[in-house]
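Chain residues, written in single-letter form:
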Number of protein chains: 2
Amino acid sequence: MKTIEEITEHGVTERRFQLEVDGETVPGILWTPEHAQGPRPLVLQGHGGTQHKRVPNVLSLARRLVRHSGYAVAAIDAPGHGDRMTDEDREHNRAIRRDGGAMTEERRKRLTERGRRATGEWKATLDALQRRDEIGDSGPVGYWGVSMGSAFGIPFVAAEPRITCAIFGLAALTMGREALASSAEKIEVPLLFMNQLNDELMTPDSALALFVAFGSKEKTMHINPGPHMGIPGFEVEHYETFYARHMGTATS
Amino acid sequence: MKTIEEITEHGVTERRFQLEVDGETVPGILWTPEHAQGPRPLVLQGHGGTQHKRVPNVLSLARRLVRHSGYAVAAIDAPGHGDRMTDEDREHNRAIRRDGGAMTEERRKRLTERGRRATGEWKATLDALQRRDEIGDSGPVGYWGVSMGSAFGIPFVAAEPRITCAIFGLAALTMGREALASSAEKIEVPLLFMNQLNDELMTPDSALALFVAFGSKEKTMHINPGPHMGIPGFEVEHYETFYARHMGTATS
């Protein structure tokens, strides 16, 4: 893990880093309290499709969890996203925006292949983060990611026993995504599952089917009115209390 | 409103009162901070079927809202419940426990008639409470009630413009309860709607249909695994933040 840049604003230190994973350079950001020392809970944030590691919802939740709970928070650019985006990826994203993201066989394959790589990259990132003094390798680790952050995050959390609890959302057992169910069944940690009643990419029924599939005994589904890109701002407060309930808070 | 008894424990004053409404004596409890003076937000709590105004979930939420938020909280015995229960009511409740509460035509009629009376009793109670110095008639008023507390609470909130926000749950557009939809459509205040995935009295689909029917722009449905009588304890924290968001808190 190579630190590229480090700045501190309003008590939050933001470190841009790079990590080599399977011959690819994965760019990431680590947010920690200024002068953080010793172990603390860690949250990994997976951004949505066509987005990147520092989109406003990722950045604001990261800063909030650092300031209010003393956590470390990390985000990486997913394969083909952010600083890793090629001209071909840009054209792919334009096509998605044109047709509203309808799932085709080609897109499903691309998503599955990238999801596989994302799991390996998250595991390598977690290995590197847990070697840092201000995180440590024995503390709780939460995951947060909706939409593509869930499409990639659900298989990752299913394969990663170090994850203590997770927030997913904007995901469903829609046509072509049935494989998500077998990952969901393997997950047994407490979950918060965020959904939008008028999500143009899935029905409430198919989202409920994914909620039912999760193997977790403690899991809560939240449904709010509105489109895919419209989880209400007040839910951020529930993210914070959910993590605090399952991972505690840090004071140093 | 006649005060029958007043005790103060750990900073919470609990007043048992009686109110005459349409020739019936309605017994209630008002919880306020010790030495409360001047206006503050008020929460009305409707208990569940076969229960009463001081069941553990009503009592603990009342104390919590008084201690943490400085609110006034009131609960009354619904028609045929608590101190108003007759031998015929007791036999009726035993029958409900025997067959799991299946909805028959007789039960539906009884529920509708009692719901009508409950709305009048809540309105009279709210009138009386708002004449008290430590509540006042200009502050926000929240409602909380699940199961029968929603079956009675939804028509009440639909008919009562003084209600600022409400928490409902364990209710659905099941067979014979379609009338609930017309009340739900009239409600436009922010809502939290609590549901149980394995509720033996309704399907997730019929609960979702009621959620969709509510006229409110801001409404959130929570679904947790488990039976009708099993909303997880951690949701209480969300009740508190929901009310705080819509009604603020009191300091004196």
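Note that the structure is predicted; figures quoted are calculated from it, not measured.

What counts as what
- Residues numbered from 1 in each chain as written.
- Chains lettered and ligands numbered in written order.
- Predicted model: local features only at pLDDT ≥ 70, side-chain atom pairs only at ≥ 80, totals over all residues.
- Heavy atoms only, no water.
- Helix = DSSP H or I, 4+ residues; strand = E, 2+ residues; numbered from the N terminus.
- Rg over C-alpha atoms; globule rule 2.2 N^0.38 Å.
- Buried < 20%, exposed > 50% of the residue type's maximum accessible area, 1.4 Å probe, protein only.
- Areas by Shrake-Rupley, 256 points an atom, 1.4 Å probe, with all protein chains shown as cover.
- Lys, Arg positive; Asp, Glu negative; His and termini not counted.
- Charge placed at Lys NZ, Arg CZ, Asp CG, Glu CD.
- Contact = heavy atoms within 4.5 Å.
- Buried area = accessible area lost by both parts, 1.4 Å probe.
- Polar contact = N/O pair within 3.5 Å; in protein donor to acceptor, adjacent residues only side chain to side chain.
- Nonpolar A, V, L, I, M, F, W, Y, C, P; charged D, E, K, R; others polar.
- Pairing = 2+ DSSP bridges.
- Core = buried A, V, L, I, M, F, W, Y, C linked by side-chain atoms within 4.5 Å.
- Least-squares fit on C-alpha atoms with pLDDT ≥ 70 in both.
- Salt bridge = Lys/Arg side-chain N within 4 Å of Asp/Glu carboxyl O.
- Axes fitted to C-alpha atoms, helices over the stretch in contact; angles between N-to-C directions.
- Parallel < 35°, antiparallel > 145°, perpendicular 65-115°, else oblique.
- Left-handed = near helix turned anticlockwise from the far one by under 90°.
- Arc of directions from axis to C-beta.
- Right-handed = clockwise from strand over helix to strand, strands pointing away.

Engineer: Honestly, the overall build of chain A in this entry has me stumped. Any pointers?
Structural biologist: Scanning chain A for helices and strands turns up eight helices and nine strands. Radius of gyration (C-alpha) of chain A: 17 Å, near the 18 Å computed for a compact globule of 252 residues. For chain A, the spread of C-alpha atoms along the three principal axes comes to 45 × 40 × 30 Å. A total of 252 residues make up chain A; the buried ones form 56% of that total. When the accessible area of chain A is evaluated, it comes to approximately 10500 Å², of which 51% is carbon and sulfur surface. Charged side chains of chain A number 30 positive and 34 negative; the gap between the two group centres comes to 1 Å.

Engineer: In this structure, what is going on with the interface of chain B and chain A? I would like to understand it.
Structural biologist: Taken together, the contact pairs 21 residues of chain B with 21 residues of chain A. For the pair chain B and chain A, the two sides together bury roughly 1800 Å², of which 64% comes from carbon and sulfur. At the junction of chain B with chain A, the criterion picks out five residue pairs in polar contact (both at pLDDT 80 or more). For the side of chain B that touches chain A, the secondary structure elements donating two or more residues are α7 (204-213), β9 (219-224) and α8 (235-247) of chain B. Take the side of chain B that touches chain A: its biggest share by element is six residues, from β9(B). Looking at the side of chain B that touches chain A, its residues break down into nine nonpolar, five polar and seven charged. By the bridge criterion, three bridges tie strand β9 (residues 219-224) of chain A to β9(B) in an arrangement that is antiparallel. Within the sheet, the bridge partner assigned to A:His222 lies in β9(B) and is B:His222.

Engineer: Sorry if this is basic, but what is going on with the nonpolar core here?
Structural biologist: One broad rule of soluble globular proteins: the nonpolar side chains tend to lie buried together. By size, the foremost hydrophobic cluster in this structure holds 82 residues, and its most contacted members are A:Leu44, A:Phe168, B:Leu44 and B:Phe168. The residues contacting B:Leu44, other than those within four sequence positions of it, are B:Ala74, B:Trp122, B:Leu126, B:Leu129, B:Val141, B:Gly142, B:Tyr143, B:Trp144, B:Phe156 and B:Ile163.

Engineer: It is not clear to me how the relation of the copies chain B and chain A should be interpreted in this structure. Could you clarify?
Structural biologist: Both copies of the chain are tied together by a single rotation about an axis and a shift running along it. The operation relating chain B to chain A is a screw motion whose rotation component is 180 degrees, with 0.0 Å of axial translation and a residual RMSD of 0.0 Å. The transformation relating the two chain copies, once decomposed into turn and shift, fits a two-fold axis. Of the C-alpha atoms belonging to chain B, the one lying closest to the rotation axis is found on B:His222, 2.3 Å away. Mapped onto chain A, 100% of the interface residues of chain B again fall at the interface, so both copies present the same surface.

Engineer: Can you walk me through the pattern of salt bridges in this structure?
Structural biologist: Side chains that differ in charge, positive against negative, can pair when their charged atoms come close. All names here are of chain A. Here the structure, examined in full by the defined rule, presents 50 salt bridges over all chains. With a closest N to O distance of 3.5 Å, Glu5 and Arg16 form a salt bridge. Taken together, the residues span a long stretch of sequence, with Glu5 in strand β1 (residues 2-9) and Arg16 in strand β2 (residues 12-21) at a distance of 11 residues. We classify Glu5 as partly exposed; its relative accessible area is 41%. Relative accessible area serves as the criterion here: at 28%, Arg16 is assigned to the partly exposed category. Within the structure, one salt-bridge network assembled from shared partners comprises Glu6, Arg15, Arg132 and Glu134.

Engineer: What is the right way to read the packing of helix α1 (residues 56-69) of chain A against helix α8 (residues 235-247) of chain A from this model?
Structural biologist: Residue and element names in this part refer to chain A. Viewed as axis vectors pointing N to C, α1 and α8 meet at an angle of 50 degrees, and their least axial separation amounts to 11 Å. With respect to each other, α1 and α8 are oriented oblique. Classified by chirality, the crossing of α8 by α1 is right-handed. In this structure, α1 uses Leu61, Arg64, Leu65, His68 and Ser69 to contact α8, whose residues at the interface are Val236, Glu237, Tyr239, Glu240 and Tyr243.

Engineer: Hey, could you run me through unusual backbone geometry in this one?
Structural biologist: Generally, phi is negative for residues other than glycine and the peptide bonds are trans, each holding for most cases. Its identity is not glycine, yet A:His10 carries a phi of approximately 45 degrees, on the positive side. Turning to its location among the elements, A:His10 is positioned in the loop between β1 and β2. Using a relative accessible area of 72% as the deciding quantity, one classes A:His10 as exposed. A positive phi angle, close to 60 degrees, is found at B:Ser147, a residue other than glycine. Along the chain, the position of B:Ser147 falls in the loop between β6 (141-144) and α4 (148-151). On the basis of relative accessible area, B:Ser147 is assigned to the partly exposed category, the value being 22%.

Engineer: Is there a simple way to think about the packing of α8(A) against α8(B) in this case?
Structural biologist: The description of two packed helices rests on the angle between their axes and on the distance between the axes. At a minimum axis distance of 11 Å, the contact between α8(A) and α8(B) shows a crossing angle of 150 degrees. As judged from the angle between their axes, α8(A) and α8(B) are roughly antiparallel. The hand of the α8(A)/α8(B) crossing is right-handed. Along its contact with α8(A), which presents A:Glu237, A:His238 and A:Thr241, the element α8(B) presents B:Glu237, B:His238 and B:Thr241.

Engineer: Looking at this structure, how should I read the side chain of A:Asp199?
Structural biologist: All names here are of chain A. When you line up the elements, Asp199 lands in the loop between β8 (191-196) and α7 (204-213). The class for Asp199 is buried, based on a relative accessible area of 6%. Here His228 takes part through its side chain, which lies 2.8 Å from a polar atom of the side chain of Asp199. What Asp199 contacts, discounting residues up to four positions off in sequence, is Leu170, Gly226, Pro227 and His228.

Engineer: Is there a simple way to think about helix α6 (residues 179-186) of chain B in this case?
Structural biologist: Each full turn of the α-helix corresponds to 3.6 residues, which orients residues three or four apart in the same direction. Residue and element names in this part refer to chain B. Those residues of α6 that fall on the buried side of the exposure criterion are Leu180, Ala181, Ser183 and Ala184. Down the axis of α6, the sector holding all buried residues measures 165 degrees, keeping them to one side. In α6, the exposed positions that point more than 90 degrees away from the buried face belong to Ala179, Glu185 and Lys186.

Engineer: How should the pairing of strand β5 (residues 72-76) of chain A be read in this particular structure?
Structural biologist: Each regular strand displays side chains that alternate between the two surfaces of the sheet. Residues and elements named next belong to chain A. Of all five residues making up β5, five are buried, and the element is well covered by its neighbours. On β5, burial covers both faces: Ala72, Ala74 and Ile76 on one face and Val73 and Ala75 on the other are all buried. Bridging between strand β4 (residues 42-45) and β5 involves four bridges; their strand directions are parallel. Among the inter-strand pairings, Leu44 is bridged to a residue of β5, identified as Ala74. Remark: the β4/α1/β5 crossover connection has right-handed handedness.

Engineer: Help me out: how do you make sense of the pairing of β2(A) in this one?
Structural biologist: Residue and element names in this part refer to chain A. Counting buried residues along β2, seven of its 10 residues qualify, which places the element largely inside the surrounding structure. In this sheet, strand β3 (residues 24-33) lies alongside β2 in antiparallel orientation, the contact comprising 10 bridges. When the bridges of β3 are listed, Leu19 appears paired with Val26. With antiparallel pairing between neighbouring strands as the criterion, β2 and β3 make up a hairpin whose turn holds two residues, including Asp22 at a positive phi of roughly 50 degrees.

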